[in-house]
Amino acid sequence: MAHIDEVLGPDDDTLTFFQPRAHVFVTMLWVVAAVWATTLGLFTVLRLALGATLTAGDLVVTVELALIVPVVTSALIMLLVWHRLGWLHTSMRGLDFAATGRRPVHLPWAGVDTVALRYRGPFAELIVTPRDGEFAQELDGPGRAPRTRRRDGRVAYLVDVGLMSPGPDVLITELHRRIPAKV
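Residues numbered from 1 in each chain as written. Predicted model: local features only at pLDDT ≥ 70, side-chain atom pairs only at ≥ 80, totals over all residues. Heavy atoms only, no water.

Engineer: Any chance you could explain the sheet that holds strand β3 (residues 94–98) here in plain terms?
Structural biologist: Strand pairing in a sheet relies on backbone hydrogen bonds, with the paired strands running either antiparallel or parallel. Strand order in the open sheet made by the 5 strands is β1-β2-β3-β4-β7, with antiparallel pairing throughout. The open sheet has two free edges, formed respectively by β1 (15–18) and β7 (137–138), since each of these has just one partner strand. As judged from the 5 bridges shared by strand β2 (residues 87–91) and β3, these two strands associate in the antiparallel manner. When the bridges of β3 are listed, leucine 88 appears paired with phenylalanine 97. Those strands touched by helix α3 (residues 168–178) are β1, β2 and β3, and its axis lies near 30° from that of β2. (Pairing = 2+ DSSP bridges. Helix = DSSP H or I, 4+ residues; strand = E, 2+ residues; numbered from the N terminus. Contact = heavy atoms within 4.5 Å. Axes fitted to C-alpha atoms, helices over the stretch in contact; angles between N-to-C directions.)

Engineer: So what exactly am I meant to see when it comes to the packing of helix α1 (residues 21–49) against helix α2 (residues 56–81) here?
Structural biologist: A pair of packed helices can be characterised by two numbers: the angle between their axes and the separation between those axes. Contact geometry of α1 with α2 gives a least axis separation of 8 Å together with a crossing angle of 145°. The crossing of α1 and α2 is right-handed. Taken together, the residues of α2 that come into contact with α1 (itself represented by Arg21, Val24, Phe25, Met28, Leu29, Val32, Ala33, Trp36, Leu40, Thr44 and Arg47) are Asp58, Thr62, Leu65, Ala66, Val69, Pro70, Val71, Thr73, Ser74, Ala75, Ile77 and Met78. In the contact of α1 with α2, the residues fall into 16 nonpolar, 4 polar and 3 charged. (Left-handed = near helix turned anticlockwise from the far one by under 90°. Nonpolar A, V, L, I, M, F, W, Y, C, P; charged D, E, K, R; others polar.)

Engineer: Hey, could you run me through the sheet that holds strand β8 (residues 148–151) in this one?
Structural biologist: Reading across the sheet, the 4 strands line up as β5-β6-β9-β8 and stay open at both edges, with antiparallel pairing between neighbours. Strands at the two margins of the open sheet, each flanked by one partner only, are β5 (112–118) and β8. The mean inter-strand angle of the sheet, taken between neighbouring strand axes irrespective of direction, is 30°. Taken together, the 4 bridges between β8 and strand β9 (residues 154–160) define a ladder with antiparallel strand orientation. Within β9, the residue paired with arginine 151 across the bridge is arginine 154.

Engineer: In this structure, what is going on with α2? I would like to understand it.
Structural biologist: It helps to recall that an α-helix has 3.6 residues per turn; residues three or four apart then point in one direction. Given a rise of 1.5 Å per residue, 26 residues ought to cover 38 Å, and the 38 Å separating the end C-alpha atoms of α2 matches this to within 8%. When α2 is considered as a whole, its buried residues turn out to be Pro70, Ser74, Met78 and Val81. Close packing links the buried residues of α2 with α1. (Expected span 1.5 Å × (residues − 1). Buried < 20%, exposed > 50% of the residue type's maximum accessible area, 1.4 Å probe, protein only.)

Engineer: Teacher, can you tell me more about the pairing of β3 here?
Structural biologist: Taken across its 5 residues, β3 has 5 buried, putting it largely inside the fold. As consecutive antiparallel partners, β2 and β3 are separated by 2 residues. Both β3 and strand β4 (residues 105–107) contribute to a ladder of 3 bridges, which runs antiparallel. Opposite leucine 95, over in β4, you have leucine 107 as the bridge partner.

Engineer: Help me understand the nonpolar core, please; the structure alone is not making it clear to me.
Structural biologist: Nonpolar side chains in soluble globular proteins tend to be buried together. Ranked by size, the top nonpolar core spans 20 residues in total, and within it Leu88, Phe97 and Leu126 carry the most contacts. Going through the elements one at a time, β3, β4, β5, β6 (125–130), β9 and α3 are the ones with two or more residues in this core. Residues contacting phenylalanine 97, with those up to four places away along its chain left out, are Trp87, Leu88, Arg103, Pro104, Val105, Val128, Tyr157 and Val159. Formed by 7 residues, the second largest nonpolar core is a distinct cluster that contains Val24, Met28, Val32 and Leu85. (Core = buried A, V, L, I, M, F, W, Y, C linked by side-chain atoms within 4.5 Å.)

Pasting the structure below:
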């Protein structure tokens, strides 16, 4: 009988998925800008509803805030997560992954029950469900505990893959190649 971590092929048959910092920054910039512009717009409407008069100077300050705050906020967030962006690594030994700011997890292929994508676009998440909690091995490293969710009494791991390079479609193809019946 084969051992659960037995290597069944060459060690160089690996693929690494990672989040490029530039993609994360630009996506974060657009999200922060949309929220911030909406907030500024609502604040301006509230001021007008309360009877304030707006001057040309108020308009200039509002436009400056709309342009500067999202860039600075996104840059500060990127500084915090610079070395801890999400990644995923497939090899003959199994699946290694970490969500942004979380500790990595190793799961041998024999321990993978199902994998699935949830959501589309930049917010896509990979849901990895182990056969049993004993298969998943939390690796040492900085960060908080791995992202998990419970469903039907089982624990599944979540990895943000929407901005990963190569994309989520390539990731699903790679996982289907490794474990065809479970994707």
